[in-house]
Amino acid sequence: MVFMAVTAFTLARLRNLFAVAMLSGVFSLLAAVVYVVMDAVDVAFTEAAVGAGIATVLMLGTLVLTTDVEKVHPKKPIAPLIVVTLTGAVLIYGTLDMPHYGDPNAPIHHHVAPRYIEKSGAEVGPPNIVTSVLASYRGYDTLGEVTVIFTAAAGVLVLLGRWRRAAAASNPHKTDDEPEARS
Amino acid sequence: MELPGLFTYWIVVVLMMTGFYVVIAQGNLVKKVVGLNIFQVSVFVFYISMSKVKGGTAPILEDGIEVYANPLPHVLILTAIVVGIATTALGLALVVRIRETYGTVEEDEINAREREP
């Protein structure tokens with residue numbers, strides 16, 4: 001986890017966006033390792049595939065279509081740093097009465113989770129409890145997730161789709177605004 | 001080595017604030033999306049760290065194992081990761097569009113172009 005913090009700091013400092021894309025992939029892989037350590041194997045699979053794979057590819061695609069060097073800003077604004085430090089301090093204060101890491105008496109482990117662990121084998125079937133909960137007990141959540149993905153895909157297609165470029169090409173007075181975009 | 005029980009939460013807060021700082025302080029739009037991702041991952045790590053039970057194993061039923069990690073946060077975070085990649089994709093698509101229209105992905109240059117007549 002300390003590695004994750006170091007990577008995040010480096011990400012914030014780096015100016016070469018190509019390196020930023022690569023490091024964010026490393027960051028996701030480190031997150032996946034942390035998930036395995038915390039017994040969340042399904043989440044680790046997904047993070048490694050989606051976070052380190054697809055996100056990096058998307059990021060590189062964006063860099064190809066835009067630019068990969070960040071502009072150097074001469075003066076560093078101080079206000080964001082103050083805001084961030086204050087928020088962080090408040091959050092740290094908030095963690096002080098949290099249950100400790102791995103504490104079996106934490107409130108989170110005493111409401112619905114025991115029922116899933118005891119009954120899901122008989123009620124749903126698969127030995128993997130995460131699968132049972134995802135597909136059966138919380139199936140509507142997963143349906144909503146699919147809806148979100150569909151909406152996002154539709155949005156990306158509307159923003160970058162081919163028909164929009166065709167419309168812009170047949171409408172020459174609009175293309176004055178985008179000189180070097182068409183390559 | 002035994003770390004203090006709240007150490008994971010502190011790392012999460014540090015990660016979250018790093019992402020927050022990148023989002024509000026950096027002018028480059030691609031960098032802002034990366035910052036948003038860091039923020040997101042910090043929330044995921046927070047949830048997963050809450051689901052851990054000392055001495056437990058992954059929530060896969062097996063004979064002879066009594067203590068499992070809490071499966072519910074795992075499910076929620078699986079959903080959240082996928083939704084997160086969807087929003088990232090949409091954000092990056094918007095960045096590409098902004099670049100096509102304004103010729104830049106730096107916030108101040110976009111503002112300057114907005115102000116000129």
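In what follows, the structure referred to is the one given above.
What counts as what
- Residues numbered from 1 in each chain as written.
- Chains lettered and ligands numbered in written order.
- Predicted model: local features only at pLDDT ≥ 70, side-chain atom pairs only at ≥ 80, totals over all residues.
- Heavy atoms only, no water.
- Helix = DSSP H or I, 4+ residues; strand = E, 2+ residues; numbered from the N terminus.
- Buried < 20%, exposed > 50% of the residue type's maximum accessible area, 1.4 Å probe, protein only.
- Contact = heavy atoms within 4.5 Å.
- Areas by Shrake-Rupley, 256 points an atom, 1.4 Å probe, with all protein chains shown as cover.
- Expected span 1.5 Å × (residues − 1).
- Arc of directions from axis to C-beta.
- Patch = residues over 30% accessible without salt bridge, like charges linked within 9 Å, V, L, I, M, F, W, Y side chains within 5 Å.
- Salt bridge = Lys/Arg side-chain N within 4 Å of Asp/Glu carboxyl O.
- Axes fitted to C-alpha atoms, helices over the stretch in contact; angles between N-to-C directions.
- Parallel < 35°, antiparallel > 145°, perpendicular 65-115°, else oblique.
- Left-handed = near helix turned anticlockwise from the far one by under 90°.
- Nonpolar A, V, L, I, M, F, W, Y, C, P; charged D, E, K, R; others polar.
- Buried area = accessible area lost by both parts, 1.4 Å probe.
- Core = buried A, V, L, I, M, F, W, Y, C linked by side-chain atoms within 4.5 Å.
- 1 Å grid on protein atoms, 1.4 Å probe; cavity = no way out; pocket = protein on both sides within 12 Å on 5 of 7 lines; lining within 4 Å.
- Points joined across faces, edges and corners; volume = space filled by probe spheres on them.

**Q** Explain the overall build of chain B to me, please; I cannot follow it from the model alone.
**A** When helices and strands are tallied, chain B shows four helices and zero strands. Each helix and strand of chain B, ordered N terminal to C terminal, gives the series α-α-α-α. Taking all 117 residues of chain B together, 56% fall into the buried category. The contacts of chain B with a sequence gap of at least 6 include a subset with a gap of at least 24, amounting to 45%. Accessible area for chain B stands at about 4800 Å²; split by element, carbon and sulfur atoms hold 63% of it.

**Q** What exactly am I supposed to notice about the overall build of chain A here?
**A** Within chain A, the secondary structure is distributed over eight helices and zero strands. Along chain A, helices and strands appear, N-terminal first, in the series α-α-α-α-α-α-α-α. Per-residue burial over chain A gives 33% buried out of 183 residues. Nonlocal contacts in chain A, meaning residues at least 24 apart in sequence, comprise 40% of its contacts between residues at least 6 apart. Surface exposure of chain A reaches about 10900 Å², of which carbon and sulfur atoms provide 71%.

**Q** Please clarify how helix α7 (residues 139-160) of chain A should be interpreted in this entry.
**A** For an α-helix, 3.6 residues make a turn, and residues three or four places apart therefore share a direction. All names here are of chain A. Relative to the 32 Å expected for 22 residues at 1.5 Å per residue, α7 spans 32 Å between its end C-alpha atoms, a close match to the ideal helical length. Burial in α7 covers these residues: Glu 145, Ala 152, Gly 155 and Leu 159. Burial along α7 is one-sided: seen end-on, the buried residues are contained in an arc of 85 degrees. Away from its buried face, by an angle of more than 90 degrees, α7 presents the exposed residues Tyr 140, Leu 143, Phe 150 and Leu 157.

**Q** Any chance you could explain a nonpolar patch on the surface here in plain terms?
**A** Residue and element names in this part refer to chain A. The grouping of Ile 78, Leu 81, Ile 82 and Leu 86 at the surface amounts to a nonpolar patch, some 400 Å² of accessible area in total. One can find Leu 81 in helix α4 (residues 79-95). Among the residues examined, Leu 81 registers a relative accessible area of 40% and is labelled partly exposed.

**Q** Would you mind showing me how to read the packing of helix α1 (residues 7-25) of chain B against helix α2 (residues 29-51) of chain B here?
**A** Working note: a packed helix pair is described by the angle between its axes plus the distance between those axes. Residue and element names in this part refer to chain B. Between α1 and α2, the shortest axis-to-axis distance is 7 Å and the interhelical angle comes to 165 degrees. What the angle tells us is that α1 and α2 run roughly antiparallel. Note that α1 runs across α2; the crossing there is left-handed. Where α1 abuts α2, its residues Thr 8, Tyr 9, Val 12, Leu 15, Met 16, Gly 19, Phe 20, Val 22 and Val 23 lie against Lys 31, Lys 32, Gly 35, Leu 36, Ile 38, Phe 39, Ser 42, Val 43, Val 45, Phe 46, Ser 49 and Met 50. When its residues are assigned to classes, the contact of α1 with α2 shows 14 nonpolar, five polar and two charged.

**Q** Looking at this structure, how should I read the interface of chain A and chain B?
**A** Many authors give the size of an interface as the accessible area that is lost as the parts come together. Taken together, the contacts link 86 residues of chain A with 77 residues of chain B. Each partner contributes to the roughly 7700 Å² buried at the junction of chain A and chain B, and carbon and sulfur atoms together form 76% of this total. Scanning the region where chain A abuts chain B turns up zero salt bridges. Contributions of two or more residues to the side of chain A that touches chain B are made by α1 (2-13), α2 (17-37), α3 (41-65), α4, α5 (113-123), α6 (129-137), α7 and α8 (162-169) of chain A. For the side of chain A that touches chain B, the element with the highest residue contribution is α3(A), accounting for 13 residues. The residue makeup of the side of chain A that touches chain B, split by class, is 57 nonpolar, 16 polar and 13 charged.

**Q** Explanation requested: the nonpolar core in the structure shown.
**A** Counting 32 residues, the largest nonpolar core has A:Tyr35, A:Val43 and B:Ile48 as its most contacted members. Looking at this core, the elements with two or more residues in it are α2, α3, α5 and α6 of chain A together with α1, α2 and α3 (71-102) of chain B. If you tally residues by element for this core, the top one is α3(B), at six residues. Apart from residues no more than four positions distant in its own chain, B:Ile48 is found in contact with A:Tyr35, A:Met38, A:Ala40, A:Val43, B:Pro73, B:His74 and B:Ile77. Among the nonpolar cores identified, the runner-up in size contains 13 residues, and A:Val20, B:Leu92, B:Val95 and B:Ile110 belong to it.

**Q** Can you walk me through the environment of B:Gly84 in this structure?
**A** Of note, B:Gly84 is situated in helix α3. In sequence terms B:Gly84 and B:Asn37 are 47 residues apart; their C-alpha atoms lie 7.8 Å from each other.

**Q** Is there a simple way to think about the environment of B:Leu15 in this case?
**A** Looking at the secondary structure, you find B:Leu15 in helix α1. With 28 residues separating them in the primary sequence, B:Leu15 and B:Val43 have C-alpha atoms 9.1 Å apart.

**Q** Looking at this structure, I do not really get the environment of A:Met38. What am I missing?
**A** Following the sequence through the fold, A:Met38 ends up in the loop between α2 and α3. Sequence separation between A:Met38 and A:Tyr101 is 63 residues, and the spatial gap between their C-alpha atoms is 10.0 Å.

**Q** How do you make sense of empty space enclosed by the protein when you look at a structure like this?
**A** With a probe scaled to a water molecule rolled over the atoms, the places where space remains empty come into view. Taken as a whole and judged by the stated rule, the model has one cavity of 30 Å³ or more. Approximately 200 Å³ is the volume attributed to the largest cavity. Taken together, 20 residues make up the lining of the largest cavity; nearest its centre are A:Ser28, A:Glu47, A:Gly51, A:Ala55 and B:Asn37. Where the lining of the largest cavity is concerned, the elements lending two or more residues are α2 and α3 of chain A together with α2 and α3 of chain B. When its residues are assigned to classes, the lining of the largest cavity shows ten nonpolar, nine polar and one charged.

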